[in-house]
Amino acid sequence: LENGKIKDFGDYDLLKDKYRDVAIACYPDKLIIPGFIDTHIHFPQVEMLASYGEQLLEWLNKYTFETEKKFRDKTYAAKIADIFLDELLKNGTTTALVFATVHPESVDAFFEACAQRNLRMITGKVLMNRNAPDFLLDTAKTSYQESKTLIQKWHKQGRLLYAITPRFAVTSTDEQLHLAGQLLEEFPDVYLHTHLSENVDEVALVAQLFPDSKGYLDVYDQAKLVRSRSVFAHGVQLRDDEFQRLSEAGSAIAFCPTSNLFLGSGLFKLMQAKSADFPVHVGLGTDIGAGTSFSILQTTHEAYKVVQLQRHKLSPFKALFLATLGGAKALYLDHVIGNFEIGKEADFAVLD
(Lines give C-alpha, C1' and ligand atoms only; values in the text may rest on other atoms or scores of the structure.)
Protein backbone atom coordinates (compact mmCIF):
# COMPACT_ATOMS: atom_id res chain seq x y z
CA LEU A 1 0.00 0.00 0.00
CA GLU A 2 1.10 3.56 -0.66
CA ASN A 3 -0.77 6.78 0.21
CA GLY A 4 -3.98 4.84 0.86
CA LYS A 5 -3.91 3.05 -2.51
CA ILE A 6 -3.00 -0.49 -3.56
CA LYS A 7 0.44 -0.30 -5.11
CA ASP A 8 0.99 -3.98 -5.90
CA PHE A 9 -0.84 -7.26 -5.47
CA GLY A 10 0.24 -10.85 -5.78
CA ASP A 11 1.69 -13.91 -4.08
CA TYR A 12 3.89 -13.05 -1.09
CA ASP A 13 6.77 -15.23 -2.31
CA LEU A 14 6.81 -13.32 -5.60
CA LEU A 15 6.62 -9.86 -4.04
CA LYS A 16 8.77 -10.15 -0.89
CA ASP A 17 12.11 -9.52 -2.64
CA LYS A 18 10.70 -6.60 -4.63
CA TYR A 19 9.63 -4.84 -1.41
CA ARG A 20 12.40 -5.87 1.00
CA ASP A 21 12.37 -2.53 2.83
CA VAL A 22 8.59 -2.28 3.30
CA ALA A 23 6.96 -2.90 6.70
CA ILE A 24 4.65 -5.91 6.47
CA ALA A 25 1.49 -6.69 8.43
CA CYS A 26 0.99 -10.46 8.51
CA TYR A 27 -2.33 -12.29 8.95
CA PRO A 28 -1.40 -15.96 8.47
CA ASP A 29 -4.65 -17.57 9.68
CA LYS A 30 -7.08 -14.91 8.59
CA LEU A 31 -8.87 -13.87 5.44
CA ILE A 32 -8.28 -10.43 3.92
CA ILE A 33 -11.30 -9.32 1.89
CA PRO A 34 -12.45 -6.09 0.27
CA GLY A 35 -14.49 -4.08 2.79
CA PHE A 36 -18.15 -5.05 2.77
CA ILE A 37 -20.54 -2.60 1.06
CA ASP A 38 -24.00 -1.95 2.50
CA THR A 39 -26.22 -0.38 -0.16
CA HIS A 40 -29.15 0.52 2.12
CA ILE A 41 -29.21 1.31 5.85
CA HIS A 42 -30.71 3.92 8.22
CA PHE A 43 -28.32 5.35 10.82
CA PRO A 44 -31.13 6.94 12.92
CA GLN A 45 -32.82 3.55 13.38
CA VAL A 46 -30.10 1.87 15.47
CA GLU A 47 -32.13 2.09 18.69
CA MET A 48 -35.36 0.73 17.19
CA LEU A 49 -34.04 -2.62 15.98
CA ALA A 50 -36.53 -5.46 16.57
CA SER A 51 -39.56 -3.17 16.95
CA TYR A 52 -42.35 -5.69 17.28
CA GLY A 53 -45.33 -6.84 15.34
CA GLU A 54 -46.03 -4.48 12.44
CA GLN A 55 -45.69 -4.40 8.67
CA LEU A 56 -44.16 -1.46 6.81
CA LEU A 57 -46.69 1.38 6.98
CA GLU A 58 -47.81 0.68 10.56
CA TRP A 59 -44.18 0.17 11.63
CA LEU A 60 -43.19 3.59 10.25
CA ASN A 61 -46.00 5.37 12.10
CA LYS A 62 -45.68 3.46 15.36
CA TYR A 63 -41.90 3.36 15.76
CA THR A 64 -39.82 5.05 13.07
CA PHE A 65 -41.16 8.56 12.95
CA GLU A 66 -41.07 8.88 16.74
CA THR A 67 -37.45 7.76 16.81
CA GLU A 68 -36.35 10.09 14.00
CA LYS A 69 -37.84 13.11 15.80
CA LYS A 70 -34.78 13.10 18.12
CA PHE A 71 -32.35 13.84 15.28
CA ARG A 72 -33.09 17.54 15.06
CA ASP A 73 -30.64 17.64 18.01
CA LYS A 74 -27.19 17.49 16.42
CA THR A 75 -25.51 16.33 19.63
CA TYR A 76 -27.87 13.37 19.80
CA ALA A 77 -27.36 12.61 16.08
CA ALA A 78 -23.57 12.67 16.58
CA LYS A 79 -23.82 10.21 19.48
CA ILE A 80 -25.87 7.73 17.41
CA ALA A 81 -23.59 8.21 14.36
CA ASP A 82 -20.60 7.11 16.46
CA ILE A 83 -22.41 4.00 17.71
CA PHE A 84 -23.62 3.22 14.18
CA LEU A 85 -20.18 3.52 12.55
CA ASP A 86 -18.54 1.44 15.28
CA GLU A 87 -21.09 -1.32 14.63
CA LEU A 88 -20.53 -1.21 10.87
CA LEU A 89 -16.75 -1.44 11.26
CA LYS A 90 -17.04 -4.27 13.80
CA ASN A 91 -18.85 -6.19 11.06
CA GLY A 92 -16.33 -5.44 8.33
CA THR A 93 -18.49 -2.88 6.49
CA THR A 94 -16.42 0.06 5.26
CA THR A 95 -18.81 1.67 2.74
CA ALA A 96 -22.54 2.29 3.04
CA LEU A 97 -25.38 4.19 1.38
CA VAL A 98 -27.15 5.64 4.40
CA PHE A 99 -30.46 7.33 5.20
CA ALA A 100 -30.23 10.24 7.64
CA THR A 101 -33.42 12.09 8.72
CA VAL A 102 -35.28 15.14 7.43
CA HIS A 103 -33.05 17.33 9.64
CA PRO A 104 -29.90 18.83 8.02
CA GLU A 105 -28.26 18.50 11.46
CA SER A 106 -28.41 14.70 11.12
CA VAL A 107 -26.48 14.88 7.84
CA ASP A 108 -23.81 17.19 9.25
CA ALA A 109 -23.37 14.98 12.33
CA PHE A 110 -23.06 11.83 10.23
CA PHE A 111 -20.60 13.24 7.69
CA GLU A 112 -18.45 14.71 10.46
CA ALA A 113 -18.24 11.29 12.15
CA CYS A 114 -17.34 9.64 8.82
CA ALA A 115 -14.69 12.25 8.03
CA GLN A 116 -12.96 11.56 11.36
CA ARG A 117 -12.66 7.88 10.35
CA ASN A 118 -11.79 8.55 6.67
CA LEU A 119 -14.65 6.32 5.49
CA ARG A 120 -16.19 6.22 2.03
CA MET A 121 -19.83 6.88 2.90
CA ILE A 122 -22.87 8.29 1.12
CA THR A 123 -25.83 9.98 2.79
CA GLY A 124 -28.32 12.79 2.42
CA LYS A 125 -31.15 14.70 4.04
CA VAL A 126 -34.50 12.93 3.81
CA LEU A 127 -37.21 14.67 1.76
CA MET A 128 -40.77 14.26 3.08
CA ASN A 129 -43.53 16.85 2.88
CA ARG A 130 -46.72 14.84 3.50
CA ASN A 131 -48.21 11.74 5.16
CA ALA A 132 -45.99 11.96 8.24
CA PRO A 133 -46.16 13.79 11.59
CA ASP A 134 -45.72 17.59 11.41
CA PHE A 135 -42.46 17.40 13.36
CA LEU A 136 -40.84 15.46 10.46
CA LEU A 137 -42.18 17.44 7.51
CA ASP A 138 -40.28 19.86 5.31
CA THR A 139 -41.69 21.59 2.20
CA ALA A 140 -40.82 21.04 -1.43
CA LYS A 141 -38.89 24.33 -1.52
CA THR A 142 -37.03 23.89 1.79
CA SER A 143 -36.09 20.32 0.86
CA TYR A 144 -34.60 21.57 -2.41
CA GLN A 145 -32.67 24.42 -0.78
CA GLU A 146 -31.40 22.44 2.21
CA SER A 147 -30.30 19.55 -0.02
CA LYS A 148 -28.50 21.93 -2.37
CA THR A 149 -26.64 23.56 0.55
CA LEU A 150 -25.60 20.14 1.91
CA ILE A 151 -24.43 18.94 -1.52
CA GLN A 152 -22.22 22.00 -1.90
CA LYS A 153 -20.86 21.50 1.61
CA TRP A 154 -20.19 17.75 1.63
CA HIS A 155 -20.21 16.06 -1.80
CA LYS A 156 -16.71 14.82 -2.67
CA GLN A 157 -15.20 16.22 0.52
CA GLY A 158 -12.51 13.61 1.08
CA ARG A 159 -14.17 10.23 0.53
CA LEU A 160 -17.71 11.46 1.26
CA LEU A 161 -20.51 11.50 -1.32
CA TYR A 162 -24.06 12.85 -1.30
CA ALA A 163 -27.41 11.21 -2.04
CA ILE A 164 -30.66 13.07 -2.73
CA THR A 165 -33.04 11.12 -0.50
CA PRO A 166 -36.84 11.26 -0.88
CA ARG A 167 -38.06 8.78 1.76
CA PHE A 168 -40.54 7.13 -0.62
CA ALA A 169 -43.28 8.25 -2.95
CA VAL A 170 -45.90 8.13 -0.17
CA THR A 171 -44.26 10.97 1.80
CA SER A 172 -43.48 13.30 -1.13
CA THR A 173 -45.71 15.37 -3.38
CA ASP A 174 -45.19 15.53 -7.13
CA GLU A 175 -43.61 18.94 -6.67
CA GLN A 176 -41.04 17.64 -4.17
CA LEU A 177 -40.10 14.67 -6.39
CA HIS A 178 -39.70 16.95 -9.42
CA LEU A 179 -37.44 19.29 -7.44
CA ALA A 180 -35.36 16.25 -6.47
CA GLY A 181 -35.07 15.54 -10.20
CA GLN A 182 -34.01 19.15 -10.75
CA LEU A 183 -31.23 18.71 -8.18
CA LEU A 184 -30.01 15.63 -10.09
CA GLU A 185 -29.86 17.71 -13.25
CA GLU A 186 -27.84 20.40 -11.44
CA PHE A 187 -25.52 17.89 -9.72
CA PRO A 188 -25.37 14.89 -12.08
CA ASP A 189 -22.72 12.98 -10.10
CA VAL A 190 -24.70 12.78 -6.83
CA TYR A 191 -26.89 9.77 -5.97
CA LEU A 192 -30.62 9.24 -5.71
CA HIS A 193 -31.56 6.97 -2.79
CA THR A 194 -35.13 5.97 -1.98
CA HIS A 195 -37.49 3.04 -1.34
CA LEU A 196 -39.46 1.19 -4.03
CA SER A 197 -42.15 -1.51 -4.09
CA GLU A 198 -41.38 -2.95 -0.67
CA ASN A 199 -44.83 -3.93 0.58
CA VAL A 200 -48.19 -4.78 -1.05
CA ASP A 201 -50.15 -2.12 0.88
CA GLU A 202 -47.49 0.49 0.08
CA VAL A 203 -47.75 -0.23 -3.65
CA ALA A 204 -51.54 0.13 -3.47
CA LEU A 205 -51.23 3.43 -1.58
CA VAL A 206 -48.80 4.82 -4.16
CA ALA A 207 -51.28 3.95 -6.94
CA GLN A 208 -53.96 5.84 -5.03
CA LEU A 209 -51.75 8.90 -4.38
CA PHE A 210 -50.45 9.07 -7.97
CA PRO A 211 -53.41 8.11 -10.18
CA ASP A 212 -51.68 9.39 -13.34
CA SER A 213 -48.72 7.02 -12.98
CA LYS A 214 -48.40 3.64 -14.69
CA GLY A 215 -46.97 2.12 -11.50
CA TYR A 216 -44.67 2.77 -8.56
CA LEU A 217 -41.44 3.08 -10.57
CA ASP A 218 -43.18 5.36 -13.05
CA VAL A 219 -43.84 7.88 -10.26
CA TYR A 220 -40.07 8.28 -9.91
CA ASP A 221 -39.55 8.09 -13.67
CA GLN A 222 -41.91 11.02 -14.31
CA ALA A 223 -39.78 13.08 -11.91
CA LYS A 224 -36.57 12.03 -13.78
CA LEU A 225 -35.24 10.08 -10.82
CA VAL A 226 -34.63 6.76 -12.62
CA ARG A 227 -31.05 6.87 -13.91
CA SER A 228 -27.54 5.66 -13.20
CA ARG A 229 -26.54 6.27 -9.57
CA SER A 230 -30.17 5.82 -8.52
CA VAL A 231 -30.46 3.16 -5.82
CA PHE A 232 -33.91 1.80 -4.98
CA ALA A 233 -34.23 -0.20 -1.78
CA HIS A 234 -36.22 -3.47 -1.78
CA GLY A 235 -38.06 -3.88 -5.11
CA VAL A 236 -39.87 -6.89 -3.66
CA GLN A 237 -43.11 -6.22 -5.56
CA LEU A 238 -41.63 -5.09 -8.88
CA ARG A 239 -43.32 -6.02 -12.16
CA ASP A 240 -41.43 -7.44 -15.15
CA ASP A 241 -41.58 -4.16 -17.06
CA GLU A 242 -40.16 -2.33 -14.03
CA PHE A 243 -37.15 -4.67 -13.84
CA GLN A 244 -36.63 -3.98 -17.54
CA ARG A 245 -36.77 -0.21 -17.02
CA LEU A 246 -34.26 -0.33 -14.14
CA SER A 247 -31.92 -2.35 -16.34
CA GLU A 248 -32.16 0.13 -19.22
CA ALA A 249 -31.55 3.09 -16.89
CA GLY A 250 -28.51 1.59 -15.16
CA SER A 251 -30.24 1.96 -11.78
CA ALA A 252 -29.62 -0.38 -8.84
CA ILE A 253 -31.68 -2.33 -6.33
CA ALA A 254 -30.59 -2.80 -2.72
CA PHE A 255 -31.61 -6.35 -1.73
CA CYS A 256 -32.46 -6.33 2.01
CA PRO A 257 -33.42 -9.88 3.00
CA THR A 258 -33.40 -9.58 6.80
CA SER A 259 -35.66 -6.53 6.59
CA ASN A 260 -38.00 -8.06 4.01
CA LEU A 261 -38.44 -11.12 6.22
CA PHE A 262 -38.78 -9.18 9.51
CA LEU A 263 -41.50 -6.89 8.15
CA GLY A 264 -43.16 -9.68 6.17
CA SER A 265 -42.72 -7.77 2.91
CA GLY A 266 -41.99 -10.75 0.67
CA LEU A 267 -39.22 -12.43 -1.31
CA PHE A 268 -37.05 -10.36 -3.66
CA LYS A 269 -36.66 -11.96 -7.10
CA LEU A 270 -32.85 -11.92 -7.26
CA MET A 271 -32.70 -14.33 -10.18
CA GLN A 272 -35.00 -12.11 -12.24
CA ALA A 273 -32.87 -9.06 -11.38
CA LYS A 274 -29.83 -10.97 -12.65
CA SER A 275 -31.49 -12.36 -15.79
CA ALA A 276 -29.41 -12.38 -18.96
CA ASP A 277 -32.01 -10.33 -20.87
CA PHE A 278 -32.41 -7.37 -18.48
CA PRO A 279 -29.77 -7.53 -15.75
CA VAL A 280 -30.07 -4.96 -12.95
CA HIS A 281 -27.27 -3.82 -10.65
CA VAL A 282 -27.87 -5.34 -7.20
CA GLY A 283 -26.15 -4.72 -3.88
CA LEU A 284 -26.92 -6.03 -0.40
CA GLY A 285 -28.55 -3.85 2.25
CA THR A 286 -28.86 -4.57 5.95
CA ASP A 287 -31.63 -1.94 6.21
CA ILE A 288 -31.11 -1.36 9.93
CA GLY A 289 -33.48 -0.94 11.79
CA ALA A 290 -36.13 -3.06 10.00
CA GLY A 291 -33.19 -5.29 9.16
CA THR A 292 -31.98 -7.43 12.03
CA SER A 293 -28.18 -7.44 11.77
CA PHE A 294 -25.34 -5.08 10.88
CA SER A 295 -23.49 -8.08 9.43
CA ILE A 296 -23.32 -8.42 5.67
CA LEU A 297 -22.36 -12.07 6.22
CA GLN A 298 -25.61 -12.61 8.16
CA THR A 299 -27.42 -10.75 5.36
CA THR A 300 -26.02 -13.13 2.72
CA HIS A 301 -27.14 -16.01 4.96
CA GLU A 302 -30.73 -14.74 4.82
CA ALA A 303 -30.41 -13.93 1.10
CA TYR A 304 -29.57 -17.60 0.51
CA LYS A 305 -32.86 -18.62 2.19
CA VAL A 306 -34.92 -16.04 0.29
CA VAL A 307 -33.55 -17.40 -2.99
CA GLN A 308 -34.05 -21.04 -1.89
CA LEU A 309 -37.72 -20.33 -1.12
CA GLN A 310 -38.10 -19.46 -4.81
CA ARG A 311 -36.41 -22.74 -5.85
CA HIS A 312 -33.15 -21.13 -6.94
CA LYS A 313 -29.57 -21.17 -5.60
CA LEU A 314 -27.32 -18.35 -4.41
CA SER A 315 -23.74 -19.59 -4.53
CA PRO A 316 -21.20 -18.42 -1.92
CA PHE A 317 -19.20 -16.82 -4.74
CA LYS A 318 -22.15 -14.78 -5.99
CA ALA A 319 -23.00 -13.81 -2.41
CA LEU A 320 -19.44 -12.58 -1.81
CA PHE A 321 -19.61 -10.68 -5.11
CA LEU A 322 -22.84 -8.93 -4.02
CA ALA A 323 -21.20 -8.02 -0.70
CA THR A 324 -18.11 -6.48 -2.32
CA LEU A 325 -17.57 -5.76 -6.02
CA GLY A 326 -21.27 -6.14 -6.87
CA GLY A 327 -22.13 -3.49 -4.30
CA ALA A 328 -19.37 -1.28 -5.67
CA LYS A 329 -20.79 -1.65 -9.19
CA ALA A 330 -24.30 -0.84 -7.92
CA LEU A 331 -22.90 2.40 -6.46
CA TYR A 332 -20.71 3.15 -9.51
CA LEU A 333 -17.67 2.96 -7.22
CA ASP A 334 -16.02 -0.11 -8.74
CA HIS A 335 -13.22 2.12 -10.08
CA VAL A 336 -12.10 2.82 -6.49
CA ILE A 337 -13.31 -0.04 -4.22
CA GLY A 338 -14.64 -3.60 -4.36
CA ASN A 339 -11.54 -5.68 -5.02
CA PHE A 340 -7.72 -5.54 -4.85
CA GLU A 341 -6.88 -4.13 -8.28
CA ILE A 342 -3.74 -1.99 -8.32
CA GLY A 343 -4.58 1.70 -7.96
CA LYS A 344 -7.82 1.17 -6.04
CA GLU A 345 -8.28 2.44 -2.50
CA ALA A 346 -6.80 0.25 0.21
CA ASP A 347 -10.22 -0.39 1.71
CA PHE A 348 -10.50 -3.86 3.19
CA ALA A 349 -11.33 -5.96 6.24
CA VAL A 350 -9.58 -8.87 7.93
CA LEU A 351 -11.85 -11.74 8.95
CA ASP A 352 -10.86 -14.09 11.77
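Before any of the text, the structure's been laid out above.
As the structure is a computational prediction, the values presented were derived from the model and not from experiment. (Residues numbered from 1 in each chain as written. Predicted model: local features only at pLDDT ≥ 70, side-chain atom pairs only at ≥ 80, totals over all residues. Heavy atoms only, no water.)

(A) Structural context of the overall build of the protein chain. Each helix and strand counted, the protein chain has 14 helices and 11 strands in total. For 352 residues, the compact-globule estimate of 2.2 N^0.38 gives 20 Å, and the protein chain sits close to it at 20 Å. Considered along the principal axes of its C-alpha atoms, the protein chain spans approximately 70 × 45 × 40 Å. The buried share of the protein chain, reckoned over its 352 residues, is 55%. Across the protein chain, every contact between residues at least 6 apart in sequence was considered, and the portion connecting residues at least 24 apart equals 76%. Accessible surface for the protein chain amounts to roughly 15300 Å². Of this, 52% is attributable to carbon and sulfur atoms. Taken as two groups, the 37 positive and 46 negative side-chain charges of the protein chain have centres that lie 2 Å from each other. (Helix = DSSP H or I, 4+ residues; strand = E, 2+ residues; numbered from the N terminus. Rg over C-alpha atoms; globule rule 2.2 N^0.38 Å. Buried < 20%, exposed > 50% of the residue type's maximum accessible area, 1.4 Å probe, protein only. Contact = heavy atoms within 4.5 Å. Areas by Shrake-Rupley, 256 points an atom, 1.4 Å probe, with all protein chains shown as cover. Lys, Arg positive; Asp, Glu negative; His and termini not counted. Charge placed at Lys NZ, Arg CZ, Asp CG, Glu CD.)

(B) Seen up close, the nonpolar core. Of all hydrophobic cores here, the largest spans 93 residues; its most connected members are Phe43, Phe84, Met121, Ile164 and Tyr220. Broken down by element, the residue count for this core peaks at 7 residues, all from helix 3 (residues 74-90). Not counting chain neighbours up to four residues away, the residues in contact with Ile164 comprise Leu127, Ile151, Ala180, Leu183, Leu184, Val190, Tyr191, Leu192 and His193. (Core = buried A, V, L, I, M, F, W, Y, C linked by side-chain atoms within 4.5 Å.)

(C) Structural detail: unusual backbone geometry. The amide bond that connects Ile288 to the next residue, Gly289, takes the cis arrangement and shows omega of 5°. Mapped onto the elements of the fold, Gly289 is located in the loop between strand 10 (281-284) and helix 12 (296-308). One non-glycine residue, Asn118, lies in positive phi territory at about 55°. Here Asn118 lies in the loop between helix 4 (104-117) and strand 4 (120-124). The phi torsion at Asp287 lies on the positive side, around 50°, for a residue other than glycine. Relative to the helices and strands, Asp287 resides in the loop between strand 10 and helix 12.

(D) Geometry of the environment of Glu47. In this structure, Glu47 sits in the loop between strand 2 (36-42) and helix 2 (56-68). Here Glu47 falls in the partly exposed class, since its relative accessible area comes to 38%. With residues near it in sequence (within four places) discarded, Glu47 still touches Thr67, Lys70, Tyr76 and Ile80.

(E) Region of interest: empty space enclosed by the protein. Tallied over the entire structure, the rule returns 2 cavities of 30 Å³ or more. Approximately 110 Å³ is the volume found for the largest cavity. As for the largest cavity, its lining consists of 15 residues, and the residues nearest its centre are Leu56, Trp59, Leu60, His195 and Glu198. Of the residues forming the lining of the largest cavity, the biggest block, 3 residues, is contributed by helix 2. Roughly 30 Å³ of internal volume is contained in the second largest cavity. In terms of lining residues, the second largest cavity is bounded by Pro34, Gly35, Ile37, Thr94, Thr95, Ile337, Gly338 and Asp347. Class assignment for the residues of the lining of the second largest cavity results in 3 nonpolar, 4 polar and 1 charged. (1 Å grid on protein atoms, 1.4 Å probe; cavity = no way out; pocket = protein on both sides within 12 Å on 5 of 7 lines; lining within 4 Å. Points joined across faces, edges and corners; volume = space filled by probe spheres on them. Nonpolar A, V, L, I, M, F, W, Y, C, P; charged D, E, K, R; others polar.)

(F) Structural view of the packing of aromatic side chains. Here the structure, examined in full by the defined rule, presents 14 aromatic pairs. Here Phe43 and Phe71 contribute two aromatic rings whose centre-to-centre distance is 5.6 Å and whose plane-to-plane angle is 85°, an arrangement assigned as edge-to-face. Here Phe43 is found in the loop between strand 2 and helix 2, whereas its partner Phe71 is found in the loop between helix 2 and helix 3, with 28 residues between them in sequence. Judged by its relative accessible area of 0%, Phe43 falls in the buried class. What makes Phe71 buried here is its relative accessible area of 0%. Measuring from ring centre to ring centre gives 5.8 Å for Phe84 and Phe110, while their planes differ by 65°; the resulting arrangement is edge-to-face. Here the residue Phe84 occupies a position in helix 3, and Phe110 occupies one in helix 4, the gap between them amounting to 26 residues. By way of ring pairs, the aromatic residues Phe43, Phe71, Tyr76, Phe84, Phe110 and Phe294 are connected into one cluster. Sitting above the plane of the Phe135 ring, Lys69 keeps its charged end 4.7 Å from the centroid. (Phe/Tyr/Trp six-rings, centres within 6.5 Å; stacked < 30°, edge-to-face > 60°. Lys NZ or Arg CZ within 6 Å of the ring centre and 35° of its normal.)

From the geometry alone we can't say anything about function, so treat these as descriptive.
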